[in-house]
Amino acid sequence: DEWFGVPYHMSGGSLDGHVCGRDTNETMWLPLFEGTSIVEQPVNLENLAPRYVDESIDFIRNSLEQSKPFFLYLAFSHVHQLC
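Residues numbered from 1 in each chain as written. Predicted model: local features only at pLDDT ≥ 70, side-chain atom pairs only at ≥ 80, totals over all residues. Heavy atoms only, no water.

Draft legend 1. Structural view of a nonpolar patch on the surface. On the surface, Val53, Ile57, Leu64, Phe70, Leu72, Leu74 and Phe76 cluster together into a nonpolar patch covering about 550 Å² of accessible area. Within the element layout of this structure, Ile57 appears in helix H1 (residues 48-65). Of the residues examined, Ile57 reaches a relative accessible area of 35% and is grouped as partly exposed. (Patch = residues over 30% accessible without salt bridge, like charges linked within 9 Å, V, L, I, M, F, W, Y side chains within 5 Å. Areas by Shrake-Rupley, 256 points an atom, 1.4 Å probe, with all protein chains shown as cover. Salt bridge = Lys/Arg side-chain N within 4 Å of Asp/Glu carboxyl O. Helix = DSSP H or I, 4+ residues; strand = E, 2+ residues; numbered from the N terminus. Buried < 20%, exposed > 50% of the residue type's maximum accessible area, 1.4 Å probe, protein only.)

Draft legend 2. Focus on the pattern of salt bridges. A complete count under the given rule lists one salt bridge for this structure. Among the salt bridges present, the one from Arg51 reaches Glu40, with a minimum N-O distance of 2.8 Å. Residue Arg51 is located in helix H1, and its partner Glu40 is located in strand S3 (residues 37-40); the two are separated by 11 residues in the primary sequence.

Shape descriptors only; they carry no functional weight alone.
Here's what the structure looks like:
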């Protein structure tokens with residue numbers, strides 16, 4: 001299994017230029033994970049959608065090259081409201 005994304009809804013943390021109302025000490029930066037590792041914190045929303053697409057394409061290509069069945073669930077984070 002592979003995973004790339006934000007671990008919870010967009011109102012679950014702060015971003016550069018937008019501090020969540022519940023983040024009183026400005027330490028709840030919204031992370032971007034690849035597998036179990038944080039690869040970016042706070043996540044950059046300006047390039048997140050293309051990164052989701054690129055990761056999805058890589059996942060499909062790798063699965064096809066290995067003749068491995070796969071399931072891809074792609075949900076864009078941008079549809080959710082910031083806190």
